[in-house]
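Here is what each chain is made of, one letter per residue.
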Amino acid sequence: MRYGGRAPGVPSYPGVPAAAQAELLTLVAEVAARVGVARPDAVLLTGYGMIRSWASRRRRLLMVGLPLLQCLTVDEVRALVAHELAVVDHRRAHLVVRLRALYEEAVDPLSMVPSARSETIARATRDFAAALERKADQAASSASGLHTAARAVVKADLAAFEFADLAFDVEEQVWQRTSAGVQDLHAGWREAVRAGAVIASLDEDTRMALMSRHPSLAGAIASLSPAHVALRAVDSVPLVPLPPDVERELARHVLKRDSGQWITFAAVPDDEWPNWLARQARAVTDQVATLLRRPPIGPAEVVEVLLTRLDELVAANWPAQPEPPAEAEELDGTPSVVVVAESALTARGWRRVHPAAAGVLVSPDGEQHNLTLLARAALDSPAALAVLLELLSRER
């Protein structure tokens, strides 16, 4: 995994002491008292989108991911903290943590080739893991309520994926061009969430996997709607601003950059984002030209083809593909419609409200649009499609 991995005998993820985060430490202490478990010996901030406990023979640690603190509510964080404190609420917590890790590795769906050893480990630890998860889920429900606990585990899973996706995009756009890591990566994530640029979707495969992993919460997870799992920077745990050295350390956890070269979003040259978008937009435009057998008449026609003739576009460019993608953003690794629209508007002087907030643009006159929401609405709404096409057809 690009942003995963662990070594035996050490915490699953690197962290920095959260000693300055008084509100977070108070929350952890309150949760421990509420659900009747011991406080951890230390609380660490980590750069990953997770909340995870770890234990050795002498210490019990709680690793709290900054990305989750920036997009989950206080009650949702309480639920996840309770869940993890319950895991290490055991006289031999270090063995519990190790068995849990062995089970998760054995049943990891991303494992390329399941081995006989992993199947044996899974059989031997399945009952233990199920009992441990029931205990942890019950603690989460006790801390914040059943439905909040269900929202918390789902939103945490979605946020971890979306944050890793943003980190990958930033790495592709900045590191490969400047040989520097973005030290305020997490501040960028926070601003992207605030701007509405992070739009998580709960697909049925993910829902079923989480229901299976959290059987005590399965009924509540089954009833969650898209509105329930929206990632928002509201009612979050108050955090003390991070000094630059801590920012860099948390970014290093995720980007795995140790070269000593760091840059902030504000210091990235203004033309880097438009240049990257233009390269992506050209690739999509070429695909549309293959279908039309002529150059498209501007970005509006490219977008209209993406939203109304996707099956034909796929057949023209990838005739051997057995099944076309269901949505335009599946054409490649970026939301194709948004990339084309953003590239076109950026060339006319529009800019992102924050460099990390992909698709949320403001014009020189102050007009603002969330292109991702507009493109999704245009898939089903002729009125939304008309708004998008008019936006792209305007004179400079």
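Calculation notes
Each chain has its residues counted from 1, following the order in which its sequence is written. Local features in a predicted model are, by the rule used here, given only for residues with pLDDT of at least 70; side-chain atom pairs are given and counted only at 80 or more, and totals for whole chains, interfaces and linings are based on all residues. To obtain the side-chain values, all non-hydrogen atoms of the structure were included, while hydrogens and water were left out. Salt bridges are identified by distance alone: a Lys or Arg side-chain nitrogen within 4 Å of an Asp or Glu carboxyl oxygen. Numbering goes from the N terminus for both helices and strands, where a helix is a DSSP run of H or I of at least four residues and a strand is a run of E of at least two. Burial status follows relative accessibility: with a 1.4 Å probe on protein chains alone, a residue under 20% of its type maximum counts as buried, one over 50% as exposed, and anything between as partly exposed. Each axis is a line fitted through C-alpha atoms, and for a helix only the stretch in contact is used; angles between axes span 0 to 180 degrees, taken between their N-to-C directions. What makes a crossing left-handed is the near helix being turned counterclockwise from the far one by less than a right angle; a clockwise turn instead makes it right-handed. Between two residues, a contact is recorded if the distance between any of their heavy atoms is within 4.5 Å. Basically, the charged four are Asp, Glu, Lys and Arg, the nonpolar ten are Ala, Val, Leu, Ile, Met, Phe, Trp, Tyr, Cys and Pro, and anything else, Gly included, counts as polar. Two kinds of site are reported from a 1 Å grid over the protein atoms alone, namely cavities, where a 1.4 Å probe fits but cannot get out, and pockets, open sets with protein on both sides within 12 Å along at least five of seven lines, and residues are called lining when an atom falls within 4 Å of a point. Grid points are joined across faces, edges and corners, and a volume is the space filled by probe spheres set on the points.

Asks: Describe the pattern of salt bridges, and please don't skip the residues or the numbers.
Replies: Counting across every chain of the model gives 16 salt bridges. Across the pair Arg52 and Glu104 runs a salt bridge, and its minimum N-O distance is 2.5 Å. Placement of Arg52 in strand S3 (residues 51-55) and of Glu104 in helix H4 (residues 93-106) is noted, with a sequence separation of 52 residues between them. A relative accessible area of 15% places Arg52 in the buried class. Across the salt bridge formed by Glu312 and Arg309, the nearest N and O atoms sit 2.9 Å from each other. Given the relative accessible area of 39%, Glu312 is considered partly exposed. Among the residues examined, Arg309 registers a relative accessible area of 30% and is labelled partly exposed.

Asks: With reference to specific residues and values, describe the packing of helix H3 (residues 74-87) against helix H5 (residues 116-144).
Replies: Remark: H3 packs on H5, axes separated minimally by 7 Å, with the N-to-C direction vectors making an angle of 145 degrees. Where H3 crosses over H5, the handedness of that crossing is right-handed. Residues Asp75, Arg78, Ala79, Ala82, His83, Ala86 and Val87 of H3 pack against Leu132, Glu133, Lys135, Ala136, Asp137, Ala139, Ala140, Ala143 and Ser144 of H5. For the contact of H3 with H5, the residue count by class is nine nonpolar, two polar and five charged.

Asks: An account of the layout of surface pockets is needed here, citing residue identities and associated values.
Replies: Of the pockets and cavities examined, the second largest pocket occupies roughly 340 Å³. In terms of lining, the second largest pocket is formed by 19 residues, of which the most central are Leu66, Gln70, Arg190, Arg194 and Leu239. Every element with two or more residues in the lining of the second largest pocket is listed here: helix H2 (66-69) and helix H7 (185-195). In terms of residue count, the dominant contributor to the lining of the second largest pocket is H7 (five residues). Looking at the lining of the second largest pocket residue by residue, the class counts come to 11 nonpolar, four polar and four charged.

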